[in-house]
Amino acid sequence: MTIGILVLSDQLSLSHAALLAMEQRFGAEEARRRCRVLLVESSGGLERLALHRQRLVLLWSAQRHVALELAEAGWTVEHRPSDSFAMALRHWCGEHGIEELHAMEPADRPVRQAIEHCFARWEQPAAPAAPAPDPAAPPGLVWHPSNAFLWSPAAFADWARGRRQLRMEHFYREGRRRFGVLMEGSGSAATPLGGQWNYDHDNRRPPVRGLEGPPPLWFEPDRITRAVIERVGAIEARRADAGLKPLPGELEPFGWAVTRQQAGQVLEHFIATRLHGFGPFQDAMVSGQPTLWHSLLSPYINLGLLEPLAVIRRLEQAGRHSWSAPEVPPANPASAIGPGGSPHTAKPPSDQPQTGIEPTGQPQPDDQTTGAVAPAAVPLASLEGVIRQILGWREYTFGLYHWLGPTYPASNHFGAHRPLPAWLEELGRSGMACMDTVLAELRSSGYAHHIQRLMVLANYGLIAGLDPQALAHWFQRQFIDGHDWVMQTNVIGMGLFADGGVLASKPYAASGNYINRMSTYCKGCRYDVKQRHGPRACPYNSLYWDFLARHRELLRTNPRMALVMQQLDRLPAAELAAIRAAAATHLGEPMASANVANEPNPLA
Ligand code: FAD
Ligand code: SF4
């Protein structure tokens, strides 16, 4: 019997569950003799989801490299570029007489549905124009539970069941205990390293003058990547001939890692240059500094080029190592910090961000084999900060996505239905300096860091009342690391509060004041961040108050909004009317101000 193994584009780990299962079943050698592996490079979904050009290059180049890697490991591998995933799969199964197809459960629900749909309609053509394939019976489809995350959906469900609130902090602490990360002692006596679970309060600093992060590690495209860039260019030309919109983003310069080895270098480079500065300026936004101390690891972890637990262990090892004399790792790292005291109270190098952290450039090949360590003691706040993102937030959003089920994406707590403005699609020309800076960075690389995503992009969507699903799709198309499982919870839940508070305890709505405090954007803006109405009013200001007024009754029920709702109530009616008129003008509505001016202000 010929056995097929399907490796999806975001399942590029060598520990892929279906590969491991076949090795266990037959033994490593026999598994390679009996099984054939398929990777499909499909452009079929681009009509529905026109992805950023660089995302396509990353996905396809990484797939091609992994196909070679699997072949080198002795597997019989086929990598098929195709216009239709379903056709490629069916033809391949037909050609090789595949009787059993083994696949790992996809992270994204729609992907699993699409594969099952393909099996249900096996004998029909995949597209009306396509010739029907041999009406052979489909192979038996065997799903293997995913091992791409630390928490399986079932384990998350066990944790979540019966809880009134699914707080990330509780989930994260359970993860620390369960996987023994940043803990002291063992078993039930284990306590968090340094005595605290969370050092987030140390990590909220606004940018200081001249703040510059270490340059990230980028790569020159190799021959394979160049071929993929050509394929994307050819697809673009075909789309233009067919009158379709161009794909978003710039194709080049492309500098993302496309191999497991390069992704490992990005991790080591992060450890060597940015781990010790990770925390303090995590929320800062600086013009001309798109990456600061962020790790840029999400695309690689999401595709399976890096494995989350291995990344976490490596970070912890590098942090602990930085506290110790190389030869004698101390039992208690606090003792190695010296006069500064415990590691978390040791002065973070990022206190002097411009001088304290010297980029070391690209790590040498030896760095990967010997395990490069950070050049300075890593503050515990920084180490804990980045580990919380991966062990906490990443796993939590994945677990919630599956726990909340298929109806979650349709959540629309505020009943928001405004279509997306054209400048979002164009990735520029909004006229707002903050927005245009973030969009320009997104256009050139497919990347924006967390606070840019949350407080510039999603915040705008929230206060302007943009349609949640339209915005979630926009995010998924534009970002280098976009996947359904991570977008739904982050955009629908965290960014737009469209789930009514399942993920966040209050909406992350903010006026221009927040952006002004946490960024350098406002200085170059044509709008005035101090004004709430009038032609030069910062749109984030007018939209923010308009949002509060629009949803006054709904927001009043949230105790965490009490203070701002009191501020809203104290606004004189005429001022609120002027603010709301400015919001309406910004949104291009015909003078809604006539209506809002008449709205009673209970305290006026
Ligand atoms: P760092 O800041 O260095 O963080 C380290 C790692 O922690 C990341 O690589 C990522 O793996 C993980 N992480 C941190 N925060 C989150 C989070 N909220 N959810 C999941 N993982 C997290 N993340 C994606 O991977 N893909 C997305 O498409 C995506 N879209 C987002 C959209 C919105 C509106 C928001 C608010 C967040 C989104 N995130 C997404 C989460 C987070 O912003 C990115 O993971 C992070 O910015 C990636 O950059 P980095 O690797 O430099 O992260
Ligand atoms: Fe953004 Fe308003 Fe600042 Fe302009 S003034 S950069 S629109 S927050």
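What counts and how
- Residues numbered from 1 in each chain as written.
- Chains lettered and ligands numbered in written order.
- Predicted model: local features only at pLDDT ≥ 70, side-chain atom pairs only at ≥ 80, totals over all residues.
- Heavy atoms only, no water.
- Pairing = 2+ DSSP bridges.
- Helix = DSSP H or I, 4+ residues; strand = E, 2+ residues; numbered from the N terminus.
- Axes fitted to C-alpha atoms, helices over the stretch in contact; angles between N-to-C directions.
- Parallel < 35°, antiparallel > 145°, perpendicular 65-115°, else oblique.
- Contact = heavy atoms within 4.5 Å.
- Nonpolar A, V, L, I, M, F, W, Y, C, P; charged D, E, K, R; others polar.
- 1 Å grid on protein atoms, 1.4 Å probe; cavity = no way out; pocket = protein on both sides within 12 Å on 5 of 7 lines; lining within 4 Å.
- Points joined across faces, edges and corners; volume = space filled by probe spheres on them.
- Buried < 20%, exposed > 50% of the residue type's maximum accessible area, 1.4 Å probe, protein only.
- Near = heavy atom within 4 Å.
- Sits in = over half its atoms within 2 Å of the grid points.
- Salt bridge = Lys/Arg side-chain N within 4 Å of Asp/Glu carboxyl O.

Undergrad: Give me the sheet that holds strand β4 (residues 98-104): which residues, what numbers.
TA: Taken in spatial order, the five strands make up an open sheet running β3-β2-β1-β4-β5, and their pairing is parallel. One side of each edge strand has no neighbouring strand; the edge strands of this open sheet are β3 (76-82) and β5 (140-144). Between one strand and the next, the sheet's axes are offset by a mean angle of 25 degrees, whatever the strand orientation. Relative to strand β2 (residues 35-42), strand β1 (residues 2-6) is paired through four bridges, and the arrangement is parallel. Paired with G4 across the two strands is R36, which belongs to β2.

Undergrad: Tell me about the packing of helix α21 (residues 539-550) against helix α23 (residues 562-570), and please be specific about residues and values.
TA: As a packed pair, α21 and α23 sit with axes 10 Å apart at the nearest point and diverge in direction by 100 degrees. As judged from the angle between their axes, α21 and α23 are roughly perpendicular. Across from Y544, W545, L548 and A549 in α21, the residues of α23 making contact are V564, M565, Q567 and L568. Split by residue class, the contact of α21 with α23 holds seven nonpolar, one polar and no charged.

Undergrad: Go over the layout of surface pockets with me, naming the residues and quoting the values.
TA: A volume near 1400 Å³ is recorded for the second largest pocket. If you go around the second largest pocket, you meet 49 residues; those closest to its centre are G45, R48, F85, V111 and A114. Every element with two or more residues in the lining of the second largest pocket is listed here: β2, α3 (53-72), α4 (85-96), α5 (109-120), α18 (468-478) and α19 (484-495). Broken down by element, the residue count for the lining of the second largest pocket peaks at eight residues, all from α5. Partitioned by chemical class, the residues of the lining of the second largest pocket number 24 nonpolar, 15 polar and ten charged.

Undergrad: Residues and numbers for empty space enclosed by the protein, please.
TA: Sizing a probe to match a water molecule and rolling it over the atoms shows the empty space that remains. Across all of its chains, the model carries four cavities of 30 Å³ or more by this definition. The computed volume of the largest cavity comes to approximately 100 Å³. Along the walls of the largest cavity sit 13 residues, with C434, C522, C525, V529 and C538 positioned nearest its centre. If you list the elements that add at least two residues to the lining of the largest cavity, you get α16 (433-445), α20 (512-518) and α21. Here the residues of the lining of the largest cavity are counted per class, giving twelve nonpolar, one polar and no charged. There is about 70 Å³ of room inside the second largest cavity. Forming the boundary of the second largest cavity are N412, F414, A416, G461, L462, G465, L466, P468, L496, A498, F547 and H551. Among the residues forming the lining of the second largest cavity, the class breakdown is eight nonpolar, four polar and no charged.

Undergrad: Which residues make up the environment of Q478, and what are the values?
TA: Topologically, Q478 is positioned in helix α18. Taking relative accessible area as the criterion, Q478 reaches 0% and is therefore assigned buried. Spatially, the C-alpha atoms of Q478 and L51 are 6.1 Å apart, while their sequence positions differ by 427 residues. Among all residues touching Q478, those that are not within four sequence positions of it are H52, P248, E425, L427, L442 and G446.

Undergrad: Go over the site of ligand 2 with me, naming the residues and quoting the values.
TA: Taken together, M432, A433, C434, G512, I515, Y521, C522, C525, Y527, V529, C538 and P539 make up the full set of residues near ligand 2. In this structure, ligand 2 is accommodated by the largest cavity. Where the shell around ligand 2 is concerned, the elements lending two or more residues are α16 and α20. Of the residues contributing to the shell around ligand 2, the split by class is eleven nonpolar, one polar and no charged.

Undergrad: I'd like to hear about the pattern of salt bridges, residue by residue, with values.
TA: Inspection of the entire model under this criterion finds 33 salt bridges. Measuring nitrogen to oxygen at the nearest pair gives 3.5 Å for the salt bridge that ties E250 to R443. Placement of E250 in the loop between α8 (223-241) and α9 (260-273) and of R443 in helix α16 is noted, with a sequence separation of 193 residues between them. Residue classification places R443 among the partly exposed positions, given a relative accessible area of 28%. One salt bridge in this structure joins D546 and R580, with 2.6 Å as the shortest N-O distance. Here R580 lies in helix α24 (residues 573-587) and D546 lies in helix α21, a separation of 34 residues in the sequence. In this structure, D546 and R580 share a single accessibility class: buried. The network of salt bridges with common partners includes R176, D200, E384 and R388.

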